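Residues per chain are reported as follows:
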Amino acid sequence: MASTRIVKANGVELFVREQGEGPLVVLCHGWPELSYSWRHQIPALAAAGHRVVAPDMRGFGRSQAPDDVAAYSIFDIVGDMVALVTALGERQAVIIGHDWGAPVAWHAALFRPDMFTAVAGLSVPPPFRGRCRPLDTLRAGGIENFYWQYFQTPGLAEAEFERDVALTMRTMLARGFSDPQALFVAPGNGFLGAANPDLPLPAWLSEADLAEFIAAYRVSGFRGGLNWYRNIDRNWELTAPWQDAPIRQPSLFIAGSEDAVVTGLIGAKRVQEMERVLPDLRRKLIIDGAGHWIQQECADEVNAALIAFLREVAPARP
């Protein structure tokens, strides 16, 4: 069974779940999630012979949430993962991320190939750094209501989400991002739209699971996670030295066929072309009928793919 503790890393305190012994595997969750999102992977990967550590990422759950928006750049967050590995007494790890955690994992592999010897991303393809700032690109294309844009104004989305945290988390997790229109905010409607408090939960999410997320976000609020989005353009500026740089470590990609993040025009193109960035891509697994919360929705399939990948790139010690 996983144990929990606080680890000091990179100037912040990170709440972590950990289990097992063997080669280190770091699991990075996304938004609006928690280390609890990896509840099915932690024991499975530990049983396969790995030391598994899943933090509440900076700004989430029981980890520290700095006040400064600028403290949530990709350098800060990857820095947390580098410092976490060191604080655990390790020198190398396989890093795996879902949603926002996937860009963290991809960039960790890009920035520190000496430490992160293999990488897997779930639901979000590897970074394709465009020629312009992402938010500028949206505006140039006539788009003014993408959810990234809605999240930019401090306090706006926080007020919507914190008005009724239980309704927010039920809507986010049960609705997911299967409909591409869910990524656009109708004027005056907010991100949640016409939220339904009686929305039934999918089979993969129990009321007890939902209660874990609700309890955590009632304490932490949403500001920390939303600040990640407020660094999107800044991240583009900071990563200029890595323009068109490949990630050469062994890699794995997993997503759901019904996930709007990978089925839209941009996402689909990135999935098709990811070998340009990942020359040692071992597998591209698209799970039919699955949505965005892939490691929770399809735990058995995801666990099997991750364990097979880890056997190749970081075999458990005898």
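Further up the page is the structure itself.
Residues numbered from 1 in each chain as written. Predicted model: local features only at pLDDT ≥ 70, side-chain atom pairs only at ≥ 80, totals over all residues. Heavy atoms only, no water.

(A) Representation of the layout of surface pockets. There is about 1700 Å³ of room inside the largest pocket. Lining the largest pocket are 48 residues, with Phe 128, Pro 134, Trp 148, Ile 266 and Arg 270 sitting closest to its centre. When residues of the lining of the largest pocket are traced back to their parent elements, those giving at least two are helix H3 (101-111), helix H4 (134-140), helix H5 (147-150), helix H10 (232-238), helix H11 (260-263) and helix H12 (265-272). Among the residues making up the lining of the largest pocket, the classes are represented as 30 nonpolar, 10 polar and eight charged. What the second largest pocket holds in volume is close to 200 Å³. (1 Å grid on protein atoms, 1.4 Å probe; cavity = no way out; pocket = protein on both sides within 12 Å on 5 of 7 lines; lining within 4 Å. Points joined across faces, edges and corners; volume = space filled by probe spheres on them. Helix = DSSP H or I, 4+ residues; strand = E, 2+ residues; numbered from the N terminus. Nonpolar A, V, L, I, M, F, W, Y, C, P; charged D, E, K, R; others polar.)

(B) Up close: the packing of helix H7 (residues 165-175) against helix H8 (residues 207-220). Contact geometry of H7 with H8 gives a least axis separation of 9 Å together with a crossing angle of 125°. Our classification of the angle between H7 and H8 gives oblique. Once H7 is placed against H8, the crossing between them reads as right-handed. Facing H7, whose interface residues are Val 165, Ala 166, Met 169, Arg 170 and Leu 173, H8 presents Glu 207, Leu 210, Phe 213, Ile 214, Tyr 217 and Arg 218. The residue makeup of the contact of H7 with H8, split by class, is eight nonpolar, no polar and three charged. (Axes fitted to C-alpha atoms, helices over the stretch in contact; angles between N-to-C directions. Parallel < 35°, antiparallel > 145°, perpendicular 65-115°, else oblique. Left-handed = near helix turned anticlockwise from the far one by under 90°. Contact = heavy atoms within 4.5 Å.)

(C) Molecular detail of the packing of aromatic side chains. Under the criterion given, the structure shown has 25 aromatic pairs. Seen from their ring centres, Phe 151 and Phe 161 are 5.9 Å apart, and the 80° between their planes marks the pair as edge-to-face. Of the two residues, Phe 151 sits in the loop between H5 and helix H6 (156-162) while Phe 161 sits in helix H6, which places them 10 residues apart along the sequence. In this pair, the class of Phe 151 matches that of Phe 161, namely buried. Looking at Arg 62, its charged tip hangs above the ring of Phe 15, at a distance of 4.0 Å from the centre. Over the ring of Phe 191 we find Arg 175, and its NZ or CZ is 5.7 Å from the ring centre. (Phe/Tyr/Trp six-rings, centres within 6.5 Å; stacked < 30°, edge-to-face > 60°. Buried < 20%, exposed > 50% of the residue type's maximum accessible area, 1.4 Å probe, protein only. Lys NZ or Arg CZ within 6 Å of the ring centre and 35° of its normal.)

(D) The arrangement of the nonpolar core in detail. If you look at the biggest cluster of nonpolar residues, it comprises 80 residues, and the most contacted ones within it are Trp 31, Met 81, Phe 151, Phe 161 and Phe 191. Of all hydrophobic cores here, the second largest spans 28 residues; its members include Val 25, Ala 46, Ile 254 and Val 302. (Core = buried A, V, L, I, M, F, W, Y, C linked by side-chain atoms within 4.5 Å.)

(E) Summary view of the sheet that holds strand E3 (residues 24-28). Spatially, E1-E2-E4-E3-E5-E6-E7-E8 is the arrangement adopted by the eight strands of the open sheet, whose pairing is mixed. Only two strands of the sheet have a single partner each, and these edge strands are strand E1 (3-9) and strand E8 (281-287). The average angle at which neighbouring strand axes cross in this sheet is 20°, direction not considered. Relative to strand E2 (residues 12-19), E1 runs antiparallel, the two being bridged by seven bridges. (Pairing = 2+ DSSP bridges.)

(F) Just the pairing of strand E5 (residues 93-98), in detail. Of all six residues in E5, six are buried; the element is thus mostly enclosed. Taken together, the four bridges between E3 and E5 define a ladder with parallel strand orientation. Among the inter-strand pairings, Cys 28 is bridged to a residue of E5, identified as Gly 97. Pairing between E5 and strand E6 (residues 116-122): six bridges, direction parallel. Paired with Ile 96 across the bridge in E6 is Ala 120. For the crossover that starts at E5, traverses H3 and ends in the parallel E6, the hand is right-handed. (Right-handed = clockwise from strand over helix to strand, strands pointing away.)

(G) A look at the side chain of Arg 129. The residue Arg 129 is located in the loop between E6 and H4 in this model. Buried charged residue Arg 129 carries no salt bridge. Nearest counter-charge: Asp 244, at 7.7 Å. Within the local environment of Arg 129, its side chain forms a polar contact with the side chain of Thr 239, the two groups lying 3.4 Å apart. Residues contacting Arg 129, with those up to four places away along its chain left out, are Trp 236, Glu 237, Thr 239, Ala 240 and Gln 243. (Lys, Arg positive; Asp, Glu negative; His and termini not counted. Salt bridge = Lys/Arg side-chain N within 4 Å of Asp/Glu carboxyl O. Polar contact = N/O pair within 3.5 Å; in protein donor to acceptor, adjacent residues only side chain to side chain.)

(H) A look at the packing of helix H2 (residues 74-87) against H3. Put simply, H2 and H3 touch, their axes get as near as 9 Å, and they point 80° apart. On the basis of their axis angle, the class for H2 and H3 is roughly perpendicular. Across the interface between the two elements, Ile 74, Phe 75, Ile 77, Val 78 and Met 81 from H2 touch Pro 103, Val 104, His 107, Ala 108 and Phe 111 from H3. Residues belonging to the contact of H2 with H3 are distributed by class as follows: nine nonpolar, one polar and no charged.

Purely geometric numbers; function is a separate question.
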